[in-house]
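Take a look at the letters that make up each chain.
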Amino acid sequence: MKSRSAYLYLLPVLIGFTVFTLGPVMASLYLSLTHYEIAAAPVFVGLLNYKQLLNEQLFWQVVGNTFYYAFLYVPLSVGVSLALALLLEKKIRGITFFRTVYFLPVVTSMVAAAIIWTWIYNGDIGLLNYLLSLFGINGPKWLQNPHWALPAIALMSVWKNAGYNMMIFLAGLANIPTDYHEAARLDGASSFARFREITLPLISPVLFFVLVVTTIGAFQVFEQTYVMTNGGPGTSTLTLSYYIWQTAFSFFNLGSASALGYLFFIIVLVMTAIQFQVRKRWVYQS
Amino acid sequence: MSNESILAGGTRWRKVARYSLLVTLALIMLGPFLWMIVTSLESPEVLVQFPPQFIPRNPRFSNYSEVFGELPIATFFFNSIKISVLGTIGEVIAASLAAFAFARMEFQGKKWIFSLLLATMMIPFQVTMIPVYMIMRSLGWLDSHASLIIPHFFGGAFASGAFGVFLLRQFFESIPKELEDASRIDGASRFRFFVTILLPLSKPALAVLSLFVFMGIWNDLLTPVLFLSTEEKMPLTFGLAVLETVQHNFRYDLLMAGTLLSVAPILLLYVFAQRYVTDAFLRAGVKG
């Protein structure tokens, strides 16, 4: 039975989708082909913005920074989340307490987390360098050092977000029938063997989902650099989404910013497509 | 017998190892929060000392009143509440209407529209940001809370909207269809069934969605920074970012006091509602 009234129920969401997503996606494709500074009307220039960006050394550095950040952040973040979930998988005393504590940073705003960690990372009187000094290590000025600033931001982001993927992994682990483990245990399989042969294949679809979403999230890193470094020192923490922001709202070059947005979109799509391609090789299908 | 005790010994060892790891990780997760509390109670003279003091000898609660004097924290707080509450109401209404259509009705293009909505989750906000900014400008909503609230009544314009539709659709589908048939036989309209029967039955799912949407809006920095410019309009996140640039590298006592004031409400909300959050994750359980 087809019903027309369904569209009435869908109306708000469809209006929102058209006005705030579909329309803007197309508008920004057009804007990317124009020279547009906020005061005057956009002037069509064809592919000029793209050509200029691709010939710009800074653009490639920003792309490099973004990939470097994802390279640091994604494996560490997914690994820590999975480890947390495995630790909390069994019914143990205090499980609610630990789960709640590990999730607290997720609930905190990124701004607040970034401010707290800027203080912890302080090169002279920060907590981290104090703790390192107890082990005789002379810590760098984390956020003022071009080599350490991006890793420091990645580490802080792992702390902030690990609890979220932990929850998703916990849900995945809860779906594994316990008799699989029981049977393997009776057969004398070690816990590592059980992890490799049972747990890992059975949660590989969840792992895949987490990897894809975490990678997309990593490419969008923005608030951390906005609060902690403004892209500096130099351009060492300038990532794509912050660069788009700067181009649009500090330099008011909206045409170029739109082109950057599209290049960014293409990179995210290609990365996701690659992950889906590789999927067949390692994700277990029952 | 001896074999068994060896096994028990093994598990005891394992238990000790597991708990020490759990506690260490808990300290790492909690540490920054505790450090924030400690710092917020120190005097500026103590803060520049190295090694740092871990327990404030004379806790300075005046830091908190000083923050209130420095910035209109109460106004920020009120703005955050207003934007988050109204935005959450709007998004939950829009999402439940759409989810009802997807869960219970057949219509032309259903599959197509649904996948299109899902696909929007893939589009980074950086792609739509500039046109959305221009739309807000032409609507005259720049530097007004309308830009941050009204889009949520249309399904949450910025990325997260589809998530709610998805979550609620799943829940609505789990409610037996016979209930609807029965209420229709009694002469109730479909809309009436939706409002008086389906929604009350879906309270757990609605609560979870509200919680997620509320936290998302409360913690958002990007859209307030994009649309707002006057201080009296700012939510806590934006105000905090401003406080950070004003106070950069000095008076961390004040900065931490302000940060604590901004995170306390949401942390408390979570601690009370944590059971529902966990349930939501376990129920949504992603399947490849």
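These figures come from a predicted structure and were not determined experimentally. (Residues numbered from 1 in each chain as written. Chains lettered and ligands numbered in written order. Predicted model: local features only at pLDDT ≥ 70, side-chain atom pairs only at ≥ 80, totals over all residues. Heavy atoms only, no water.)

Draft legend 1. The overall build of chain A, seen in detail. A tally of regular secondary structure across chain A gives 12 helices and 2 strands. In chain A, the succession of α and β elements from N to C terminus is α-β-β-α-α-α-α-α-α-α-α-α-α-α. For the C-alpha atoms alone, the extent of chain A along its principal axes is close to 75 × 70 × 35 Å. In chain A, which comprises 286 residues, the share counted as buried stands at 56%. (Helix = DSSP H or I, 4+ residues; strand = E, 2+ residues; numbered from the N terminus. Buried < 20%, exposed > 50% of the residue type's maximum accessible area, 1.4 Å probe, protein only.)

Draft legend 2. Focus on the overall build of chain B. A count of helical and extended segments in chain B gives 14 helices and 0 strands. Taken from the N to the C terminus, the helices and strands of chain B come in the order α-α-α-α-α-α-α-α-α-α-α-α-α-α. The globule rule puts the C-alpha radius of gyration for 288 residues at 19 Å, and the 25 Å found for chain B is more than 25% above it. If you line up chain B on its principal axes, its C-alpha atoms span 80 × 75 × 35 Å. Per-residue burial for chain B yields a buried fraction of 51% across its 288 residues. Counted over contacts in chain B with a minimum sequence separation of 6, partners at least 24 positions apart contribute 73%. For chain B, the exposed surface amounts to about 13,700 Å²; the carbon and sulfur share of it is 68%. Distance between charge centroids for chain B: 9 Å, based on 22 positive and 19 negative side chains. (Rg over C-alpha atoms; globule rule 2.2 N^0.38 Å. Contact = heavy atoms within 4.5 Å. Areas by Shrake-Rupley, 256 points an atom, 1.4 Å probe, with all protein chains shown as cover. Lys, Arg positive; Asp, Glu negative; His and termini not counted. Charge placed at Lys NZ, Arg CZ, Asp CG, Glu CD.)

Draft legend 3. Seen up close, the domain arrangement of chain B. Split by domain assignment, chain B resolves into domain 1 (2-62) and domain 2 (71-246). Placing the centre of domain 1 of chain B and that of domain 2 of chain B at their C-alpha centroids yields a distance of 38 Å. (Domains from an automatic or database assignment.)

Draft legend 4. Spotlight on helix α4 (residues 95-107) of chain A. All names here are of chain A. Between its terminal C-alpha atoms α4 stretches 18 Å, which fits the 18 Å expected from 13 residues at 1.5 Å a residue. Judged by how many residues are buried, α4 sits mostly within the fold: 11 of 13 residues are covered. All buried positions along α4 are accounted for by Ile-95, Phe-98, Arg-99, Thr-100, Val-101, Tyr-102, Phe-103, Leu-104, Pro-105, Val-106 and Val-107. (Expected span 1.5 Å × (residues − 1).)

Draft legend 5. Molecular detail of the nonpolar core. Judged by nonpolar contacts, the single largest core of 184 residues is most densely connected at A:Tyr102 and A:Phe169. Two domains each provide a minimum of three residues to this core, namely domain 1 (2-62) and domain 2 (71-246) of chain B. A:Phe169 has contacts with A:Val78, A:Ser81, A:Leu82, A:Ala85, A:Ile203, A:Val206, A:Leu207 and A:Val210, leaving out every residue within four places of it along the chain. (Core = buried A, V, L, I, M, F, W, Y, C linked by side-chain atoms within 4.5 Å.)

Draft legend 6. Structural view of the packing of aromatic side chains. Tallied over the full model, the rule gives 41 aromatic pairs over all chains. Here A:Phe98 and A:Tyr102 contribute two aromatic rings whose centre-to-centre distance is 6.2 Å and whose plane-to-plane angle is 40°, an arrangement assigned as tilted. Here A:Tyr102 and A:Phe98 lie together in helix α4, a separation of 4 residues that amounts to about one turn. Judged by centre distance (5.1 Å) and plane angle (75°), the rings of A:Trp142 and A:Trp148 are edge-to-face. Linked through ring pairs, A:Tyr9, B:Phe100, B:Phe172, B:Phe191, B:Phe193 and B:Phe194 together constitute an aromatic cluster. Across from the ring centre of A:Phe208, 4.7 Å away, lies the NZ or CZ of A:Arg279, which sits over that ring. The ring of B:Tyr276 carries B:Arg275 above its face, with NZ or CZ at 5.0 Å from the centroid. (Phe/Tyr/Trp six-rings, centres within 6.5 Å; stacked < 30°, edge-to-face > 60°. Lys NZ or Arg CZ within 6 Å of the ring centre and 35° of its normal.)

Draft legend 7. Inspection of unusual backbone geometry at higher detail. Residue and element names in this part refer to chain A. Here the residue pair Gly-232 and Pro-233 is connected by a cis peptide bond, since its omega of -5° sits within 30 degrees of zero. Locating Pro-233 in the fold gives a position in the loop between α10 (223-228) and α11 (240-249). Even without glycine at this site, Asn-230 takes up a positive phi of about 50°. Positioned with a positive phi, Phe-252 is a non-glycine residue whose angle comes to about 55°.

Draft legend 8. Local environment of the pattern of salt bridges. Residue and element names in this part refer to chain B. Within the structure shown, the criterion is met by 11 salt bridges over all chains. Here Glu-180 ties to Arg-190 by a salt bridge, and the two come within 3.6 Å at their closest N and O atoms. Of this pair, Glu-180 sits in helix α9 (residues 177-185) while Arg-190 sits in helix α10 (residues 190-201), placing them 10 residues apart in sequence. Across this residue pair, the class does not change: Glu-180 and Arg-190 are buried. A salt bridge links Arg-251 to Asp-253; the nearest nitrogen and oxygen atoms lie 2.9 Å apart. Judged by relative accessible area, which is 23%, Arg-251 ranks as partly exposed. (Salt bridge = Lys/Arg side-chain N within 4 Å of Asp/Glu carboxyl O.)

Draft legend 9. Quick peek at the interface of chain B and chain A. Chain B puts 92 residues into the contact, and the matching count from chain A is 92 residues. Counting the surface lost from both chain B and chain A, the interface buries some 8,500 Å², and carbon and sulfur atoms represent 77% of this. Together, B:Arg18, B:Met29 and B:Phe281 form the three largest contributors to the area buried by chain B at its contact with chain A, with a combined 8%. Linking chain B to chain A there are 0 salt bridges. Grouping the amino acids of the side of chain B that touches chain A by side-chain chemistry returns 68 nonpolar, 16 polar and 8 charged. (Buried area = accessible area lost by both parts, 1.4 Å probe. Nonpolar A, V, L, I, M, F, W, Y, C, P; charged D, E, K, R; others polar.)

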